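Notes for the structure review
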Amino acid sequence: MSDPLNSPVVRHSPSTGAGSPDVWGIYEPDTGSIQYICADPATKKAALIDVVWNFDPKNYKFTTESMDLVLDLVKENGLNVEWVLDTHPHADHVMASAQLKERTGAPNAIGALVPEIAKIWADLYNMPDAFDPDRDFDHLFQEGETFKIGELDAKVMLSPGHTLGSISYVCGDAAFVHDTLMQPDAGTSRSDFPGGTTEELWDSIQDILALPGDTRLYIGHDYGTDDRDEPQWEATVDEHRAQNIHVKDGTKREDYIERRQKRDATLSLPNRILAALQINLRGGRLPPAEDDGHHYLKLPVNRFD
């Protein structure tokens, strides 16, 4: 029997009524990432959220099976892609943003503070002119900005902590909350990357948990637990407030911060981060080809503990 954590998994979470989107979650096993399609049932207009461009860090080879699977689902369900969205410049996978923009014709977008993240990493890579998010994304969403997915209202929440410029997308009773919360039985995400802080992560999570109790929260990653070997990515605000092992109701801010920082101190960098960020901060584009026609990445040495 195959291990569900080692195979792609697709699940559909149907609209719950007026103003509520259809949501498809697509689990990517190599990085434990969850990719999303958020669609208006009435117009069939859709947004693609946090889609993966597959990258093999051993051979430095790219393939497209994850974005192909997402676009196959779009076609099978008669959807029309209106937005290509990312919640932040991911550290553990390469974003498919630029390729999806080319393949669908839809604009790509991310948060308005990503240029500040780009400044941090331009220094770490010693590449002062490498990144220009205003060039590489069609739109940079501000905190509180609203937009449409078909006829559905969507809103942007600034939710820093994991990175300084992470955003969440709230569409009706669905909220795409990326690397803030994990599933209730796994707790929350790390906050130790450059520009991230545990204090801001706590505050962001509290804002998310202040959404209506029946809001469906869709997280960025799942790796299973000691007691669960099947990927999960959806739980309501009420379920998190009652059951989340890190931040359920009654948890004290200072206790959470101590627990999260103690855990983060034991974690190594993700094995894709140094490649992924110099691509993701270009909107999912490789650096320009050199005179031999090939693309090359730059890796900082001895810059991280």
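These notes cover the structure that comes with them. Note that the structure is a prediction, hence the values are computed from the model and not measured. (Residues numbered from 1 in each chain as written. Predicted model: local features only at pLDDT ≥ 70, side-chain atom pairs only at ≥ 80, totals over all residues. Heavy atoms only, no water.)

Considering the overall build of the protein chain
- Along its length, the protein chain carries eight helices and 16 strands.
- Its C-alpha atoms put the protein chain at 55 × 45 × 45 Å along the principal axes.
- Within the protein chain, the proportion of its 305 residues that are buried is 54%.
- Sequence-distant contacts, at least 24 apart, represent 65% of the contacts inside the protein chain between residues at least 6 apart.
- For the protein chain, the exposed surface amounts to about 13,600 Å²; the carbon and sulfur share of it is 47%.
- Taking the average location of the 28 positive side-chain charges in the protein chain and that of its 52 negative ones, the two points are 1 Å from each other. (Helix = DSSP H or I, 4+ residues; strand = E, 2+ residues; numbered from the N terminus. Buried < 20%, exposed > 50% of the residue type's maximum accessible area, 1.4 Å probe, protein only. Contact = heavy atoms within 4.5 Å. Areas by Shrake-Rupley, 256 points an atom, 1.4 Å probe, with all protein chains shown as cover. Lys, Arg positive; Asp, Glu negative; His and termini not counted. Charge placed at Lys NZ, Arg CZ, Asp CG, Glu CD.)

Let's talk about the nonpolar core
- Counting residues in hydrophobic clusters, the biggest one holds 42 residues, and the most contacted among them are L85, F141, F147, Y169, F176 and L217.
- F176 has contacts with V23, Y36, C38, I49, T87, I167, S168, Y169 and Y218, leaving out every residue within four places of it along the chain. (Core = buried A, V, L, I, M, F, W, Y, C linked by side-chain atoms within 4.5 Å.)

A short note on the pairing of strand β14 (residues 174-178)
- Across the five residues that make up β14, a large majority, five, are buried.
- Residues A174, F176 and H178 point to one face of β14 and A175 and V177 to the other, with burial holding for every one of them.
- Here strand β13 (residues 167-171) pairs with β14 via three bridges, running antiparallel. Its bridge partner lying in β14, V170 is registered against A175.
- Connecting β13 to the next strand, β14, in antiparallel fashion are two residues, including G172 with a positive phi near 60°.
- Here β14 runs beside strand β15 (residues 216-219); their pairing, made up of four bridges, is parallel. Its bridge partner lying in β15, A174 is registered against R216.
- Crossover β14 to β15 through helix α5 (residues 198-208) is right-handed. (Pairing = 2+ DSSP bridges. Right-handed = clockwise from strand over helix to strand, strands pointing away.)

Remarks on the pairing of strand β11 (residues 146-149)
- Side chains F147 and I149 project from β11 onto a buried face, and the interleaved T146 and K148 project onto a face without burial.
- Here β11 pairs with strand β12 (residues 152-158) via four bridges, running antiparallel. Note on β12: the bridge partner recorded for K148 is D153.
- Joining the antiparallel neighbours β11 and β12 is a turn of two residues, in which G150 adopts a positive phi near 65°.

Focus on helix α7 (residues 253-264)
- For α7, spanning 12 residues, the distance from its first C-alpha to its last is 16 Å, which sits close to the expected 16 Å at 1.5 Å a residue.
- Turning to α7, its buried residues number three or more, namely Y256, I257, R260 and D264. In an axial view of α7, the angular spread of the buried residues amounts to 100°, which keeps them on one side of the axis. Residues of α7 that are exposed and angled more than 90 degrees away from the buried face: E254, E258 and K262.
- Buried residues belonging to α7 abut α5. (Expected span 1.5 Å × (residues − 1). Arc of directions from axis to C-beta.)

Brief notes about the pattern of salt bridges
- For the structure shown, the criterion picks out 15 salt bridges.
- For the salt bridge of D68 with R103, the shortest nitrogen-to-oxygen distance reads 2.9 Å. In this pair, D68 sits in helix α1 (residues 65-76) while R103 sits in helix α2 (residues 97-104), placing the two residues 35 residues apart along the sequence.
- Close ionic contact of E116 with K119 constitutes a salt bridge, the shortest N to O distance being 3.4 Å. You can see E116 and its partner K119 sitting in helix α3 (residues 114-125), three residues apart, about one turn around the helix.
- The exposure class assigned to E116 is partly exposed, which follows from its relative accessible area of 35%.
- Connected through salt bridges with shared partners, the residues R135, D136 and R285 form a single ionic network. (Salt bridge = Lys/Arg side-chain N within 4 Å of Asp/Glu carboxyl O.)

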